[in-house]
Amino acid sequence: MAVFKTFLIFILAGTLLGTFVASLTAPSYIEWNNSTPLATQTMCNLPEVVRGVTASLLHSQLMGAAIGAGAGLVVAILVAVRARSRSKQRPGTPPPAATAA
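Scoring rules and cut-offs
- Residues numbered from 1 in each chain as written.
- Predicted model: local features only at pLDDT ≥ 70, side-chain atom pairs only at ≥ 80, totals over all residues.
- Heavy atoms only, no water.
- Helix = DSSP H or I, 4+ residues; strand = E, 2+ residues; numbered from the N terminus.
- Contact = heavy atoms within 4.5 Å.
- Areas by Shrake-Rupley, 256 points an atom, 1.4 Å probe, with all protein chains shown as cover.
- UniProt positions renumbered as here; feature names shortened; annotations may be inferred.
- Expected span 1.5 Å × (residues − 1).
- Bend = angle between axes of the 7 residues up to and from the residue.
- Buried < 20%, exposed > 50% of the residue type's maximum accessible area, 1.4 Å probe, protein only.
- Phe/Tyr/Trp six-rings, centres within 6.5 Å; stacked < 30°, edge-to-face > 60°.

A. Representation of the overall build of the protein within the structure. Secondary structure summary: the protein contains two helices and zero strands in total. Once local pairs closer than 6 in sequence are excluded, the contacts in the protein between residues at least 24 apart make up 92%. Put simply, the protein shows about 8,500 Å² of open surface, and 70% of that area lies on carbon and sulfur atoms.

B. Structural context of the UniProt feature "transmembrane region" (unreviewed entry) in the protein. According to UniProt, the "transmembrane region" (unreviewed entry) feature falls on residues 62-81. As annotated, residues 62-81 has a helix share of 100% and a strand share of 0%, and its two end C-alpha atoms lie 29 Å apart.

C. Molecular detail of helix 1 (residues 2-34). Look at helix 1: 47 Å from first C-alpha to last across 33 residues, which is about the 48 Å you get at 1.5 Å a residue. Maximum bend of helix 1: about 35°, positioned at T25, with proline P27 one to four residues after it. Among all positions in helix 1, only G14, G18, A22, A26 and I30 are buried.

D. Representation of the packing of aromatic side chains in the model. Scanning all chains against the criterion turns up one aromatic pair. Their ring planes at 40° and their centres at 5.8 Å tell us that Y29 and W32 sit as a pair that is tilted. Here Y29 and its partner W32 are both found in helix 1, three residues apart, which amounts to about one turn of the helix.

E. Expanded view of the environment of V3. The residue V3 is located in helix 1 in this model. The spatial distance from the C-alpha of V3 to the C-alpha of A76 is 8.8 Å, given a sequence separation of 73 residues.

F. Representation of the environment of L16. Relative to the assigned elements, L16 resides in helix 1. Look at L16 and you get exposed, because its relative accessible area is 63%. Between the C-alpha atoms of L16 and Q61, which are 45 residues apart in sequence, the distance is 10.0 Å.

As structure tokens, then:
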């Protein structure tokens with residue numbers, strides 16, 4: 001049960017971190033992607049543009065969450081494997097040695 005709890009913590013932390021990073025980086029990318037070349041004036045349907053930009057932001061955040069969850073899962077697996085290999089190397093402490101007086 002402790003391994004499942006560790007996996008869940010790493011996955012949720014990765015999801016939150018991925019969403020946070022996507023929320024910081026996606027708006028500048030969306031702005032760059034939707035800007036017109038050479039700053040020409042264009043006429044547009046504003047509600048359609050707003051829906052498109054909002055959908056792009058939500059999609060970016062979802063992808064960031066998925067990538068973060070995957071990275072958290074990989075880190076959790078590495079931590080679990082390392083903990084298991086360390087427990088196999090050190091089964092217990094040896095009994096104390098008798099000291100000669």
